[in-house]
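Notes for the structure review
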Amino acid sequence: MLKVFAQRASPLGLRVTNYGETFEVRSKIDPSNLAFTDGALCLHADLVYYKYKPDVQMLHCIQQADVGGDSIFSDSFRVANDLRQNDPETFRLLSENNISFIDVGKDAYGEYDIRYDRPVIELDARGEVHSVNVNNHARHSRMHADAKKTEAIYSAMYKMIKMLRSPEYAISIKLEEGDIIAFANNRVLHSRKAFKLGETARKNGIPVERHL
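Here is what the cut-offs are and how they apply
- Residues numbered from 1 in each chain as written.
- Predicted model: local features only at pLDDT ≥ 70, side-chain atom pairs only at ≥ 80, totals over all residues.
- Heavy atoms only, no water.
- 1 Å grid on protein atoms, 1.4 Å probe; cavity = no way out; pocket = protein on both sides within 12 Å on 5 of 7 lines; lining within 4 Å.
- Points joined across faces, edges and corners; volume = space filled by probe spheres on them.
- Helix = DSSP H or I, 4+ residues; strand = E, 2+ residues; numbered from the N terminus.
- Patch = residues over 30% accessible without salt bridge, like charges linked within 9 Å, V, L, I, M, F, W, Y side chains within 5 Å.
- Areas by Shrake-Rupley, 256 points an atom, 1.4 Å probe, with all protein chains shown as cover.
- Salt bridge = Lys/Arg side-chain N within 4 Å of Asp/Glu carboxyl O.
- Lys, Arg positive; Asp, Glu negative; His and termini not counted.
- Charge placed at Lys NZ, Arg CZ, Asp CG, Glu CD.
- Buried < 20%, exposed > 50% of the residue type's maximum accessible area, 1.4 Å probe, protein only.
- Axes fitted to C-alpha atoms, helices over the stretch in contact; angles between N-to-C directions.
- Parallel < 35°, antiparallel > 145°, perpendicular 65-115°, else oblique.
- Contact = heavy atoms within 4.5 Å.

1. Some remarks on empty space enclosed by the protein
Using the criterion set out here, one finds two cavities of 30 Å³ or more in the structure. Estimates place the volume of the largest cavity at around 70 Å³. In this structure, the largest cavity is lined by Ile99, Phe101, Val120, Asn133, Val134, Asn135, Asn136, Arg139, Met157, Met160 and Ile161. Those elements that place two or more of their residues in the lining of the largest cavity are strand E5 (98-107) and helix H4 (147-164).

As structure tokens, this is what we get:
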């Protein structure tokens with residue numbers, strides 16, 4: 001169902017990734033990604049280790065857990081622009097320094113090792129916020145900076161993530177079975193609350209293209 005809906009919504013088609021054309025988010029015994037567990041997920045953008053991240057992500061709730069599993073969405077552009085206005089040094093650190101993102105494992109098409117370096121806050125040619133790249137699950141421990149600058153970058157990331165989690169910028173909803181939600185992957189970060197073992201929660205996900 002989600003695949004048909006996505007094909008109709010996106011004239012440029014679906015984005016095939018190392019997880020396949022679509023992916024089912026549920027707890028697995030041997031997960032290739034933290035999303036495939038019953039644990040909580042931090043706010044993040046998907047596929048930040050690809051040079052061209054999917055523009056839009058769609059999630060289809062197939063079966064919801066009785067306890068937990070709520071989805072959280074946060075407006076990262078608003079946070080970035082507020083930092084630019086109120087804390088220009090934090091904005092500068094996050095927009096001028098590259099972070100290494102990596103995904104290594106085995107899934108739909110075999111083994112993969114995907115890496116890409118980019119700043120947390122990416123700007124376009126006009127200096128406007130174009131994309132926000134936050135994903136602690138995929139962030140490499142190696143930093144492109146000396147110890148002093150690395151400490152400053154970590155402090156800046158902590159400050160931004162704390163803002164992203166604030167009710168001023170984030171909302172929490174629990175999808176019902178059959179619900180489909182679409183969001184801009186460059187702008188809207190998402191996360192999930194944990195659900196208990198023994199509870200069943202299944203979501204189908206699909207990345208699509210919006211523009212060239």
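So that's the structure; there's more coming.
2. Examining a negative patch on the surface
On the surface, Asp66, Glu176, Glu177 and Asp179 cluster together into a patch of negative charge. Summarising the element assignment, aspartate 179 is placed in the loop between strand E10 (170-173) and strand E11 (180-184). Given a relative accessible area of 30%, aspartate 179 falls into the partly exposed group.

3. What about the packing of helix H2 (residues 76-86) against helix H3 (residues 88-96)?
H3 packs onto H2 with a crossing angle of 125° between their chain directions and a minimal axis gap of 6 Å. Judged by the inter-axis angle, H2 sits oblique to H3. Contacts between H2 and H3 involve Ala80, Leu83, Arg84, Gln85 and Asn86 from the former and Pro88, Thr90, Phe91 and Leu94 from the latter.

Worth remembering: the numbers are spatial, not functional.
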